[in-house]
Amino acid sequence: MPDRLTGQTAALRPGRFGPFAGADLDAFDAAYTDMVAGCRFLIARGADHHRLALPPVIAVRRACNCLKELDRFLVLMVDAANAALAPPHGTRAVYVREGDAAMRLGRNGVLRQAFALDAPRLRAIGRIRALATGDAPAEAGSRPRADLALATMGDDPADQARHAPFVLGDRALAAIAAYYLALAERLHTMVAPAA
């Protein structure tokens, strides 16, 4: 499925962030490489229709751990990009909840503008992750199925029946991983040093 936001960053030239410090470039490249490998692994696992189905509770917990790693790689990429911009008040000194890529993208004007439409989807993924790990209370008003629909952009093949256990299977995780891969590619295009 093509990313609807692809055209949003087309006007931003590679190398927009200027020269990276060596350590920042190394950190960015390492996080990008890990992100691409992790996303491709999850996408391939989601395409394997012969895998044994796990009980919903275990599948959700395992998927949640994968989502934590994807978010961590994205945060590392964003932190390296923010460090390259060298804001006057030191971006790294500002507290942001760990694993909150949407908040980190909002800390820099260029990134905030380029990824503004991604914030609701990243926040929905964050809520799913928090609910699955028990970091967020499972209240009557929680909306995991609506968040999953937003996280996968309606590409959730699992049966999310009203009173059935919440399901976060490999195919839904693959759809989210494809989104993170698209984010990583967009960010890489923006910050890669000009050739």
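The sections below set out a description of the structure shown in this document. (Residues numbered from 1 in each chain as written. Predicted model: local features only at pLDDT ≥ 70, side-chain atom pairs only at ≥ 80, totals over all residues. Heavy atoms only, no water.)

Turning our attention to the environment of V60. Relative to the assigned elements, V60 resides in helix α2 (residues 56-85). For the pair V60 and I128, spaced 68 residues apart in sequence, the C-alpha to C-alpha distance is 9.4 Å. (Helix = DSSP H or I, 4+ residues; strand = E, 2+ residues; numbered from the N terminus.)

Turning next to the state of the cysteines. On inspection of all chains with the given rule, the structure shows zero disulfides. Cysteine C64 shares no disulfide, and the gap to the nearest cysteine sulfur, in C66, comes to 9.0 Å. Accessibility expressed as a relative area gives 1% for C64, which makes it buried. (Disulfide = S-S within 2.5 Å. Buried < 20%, exposed > 50% of the residue type's maximum accessible area, 1.4 Å probe, protein only.)

This paragraph deals with helix α5 (residues 119-133). The end-to-end C-alpha distance of α5 is 21 Å, a good match for the 21 Å that 15 residues give at a rise of 1.5 Å each. Along α5, the residues classified as buried are A119, R121, L122, A124, I125, G126, I128, R129, A130, A132 and T133. (Expected span 1.5 Å × (residues − 1).)

This part covers the nonpolar core. Formed by 45 residues in total, the largest nonpolar core has its most connected members in M35, L74, Y180 and L187. Contributions of two or more residues to this core are made by α1 (22-47), α2, α3 (101-105), α4 (109-114), α5, α6 (144-151) and α7 (170-191). With 13 residues, the top contributor of residues to this core is α2. Aside from chain neighbours lying at most four places away, what touches Y180 is M35, C39, L70, D71, L74, L122, I125 and R129. (Core = buried A, V, L, I, M, F, W, Y, C linked by side-chain atoms within 4.5 Å. Contact = heavy atoms within 4.5 Å.)

Bringing the packing of aromatic side chains into the picture now. For the structure shown, the criterion picks out one aromatic pair. An angle of 70° between the planes, with centres 6.2 Å apart, marks the rings of Y179 and Y180 as edge-to-face. Given the relative accessible area of 4%, Y179 is considered buried. Using a relative accessible area of 0% as the deciding quantity, one classes Y180 as buried. Seen from the ring of Y179, R121 lies directly overhead, with NZ or CZ sitting 3.7 Å from the centre. (Phe/Tyr/Trp six-rings, centres within 6.5 Å; stacked < 30°, edge-to-face > 60°. Lys NZ or Arg CZ within 6 Å of the ring centre and 35° of its normal.)

Moving on to the pattern of salt bridges. Under the criterion given, the structure shown has seven salt bridges. Across the pair E69 and R72 runs a salt bridge, and its minimum N-O distance is 2.8 Å. Taken as a pair, E69 and R72 lie in helix α2 at a separation of three residues, close to a single helical turn. Given a relative accessible area of 38%, R72 falls into the partly exposed group. One salt bridge in this structure joins D118 and R186, with 2.9 Å as the shortest N-O distance. A residue pair is termed long-range when its members are at least 10 positions apart, and D118 in the loop between α4 and α5 and R186 in helix α7 qualify at 68 residues. Look at D118 and you get buried, because its relative accessible area is 1%. Through salt bridges with shared partners, a single network forms among R45, R62 and D170. (Salt bridge = Lys/Arg side-chain N within 4 Å of Asp/Glu carboxyl O.)

On to the packing of α5 against α7. Between α5 and α7, whose axes approach to 12 Å, the crossing angle comes to 135°. One way to sum up the angle between α5 and α7 is to call them oblique. The way α5 lies across α7 gives a crossing that is left-handed. On α7, the residues that touch R121, L122, I125 and R129 of α5 are A175, I176, Y179, Y180 and L183. The class makeup of the residues in the contact of α5 with α7 is seven nonpolar, no polar and two charged. (Axes fitted to C-alpha atoms, helices over the stretch in contact; angles between N-to-C directions. Parallel < 35°, antiparallel > 145°, perpendicular 65-115°, else oblique. Left-handed = near helix turned anticlockwise from the far one by under 90°. Nonpolar A, V, L, I, M, F, W, Y, C, P; charged D, E, K, R; others polar.)

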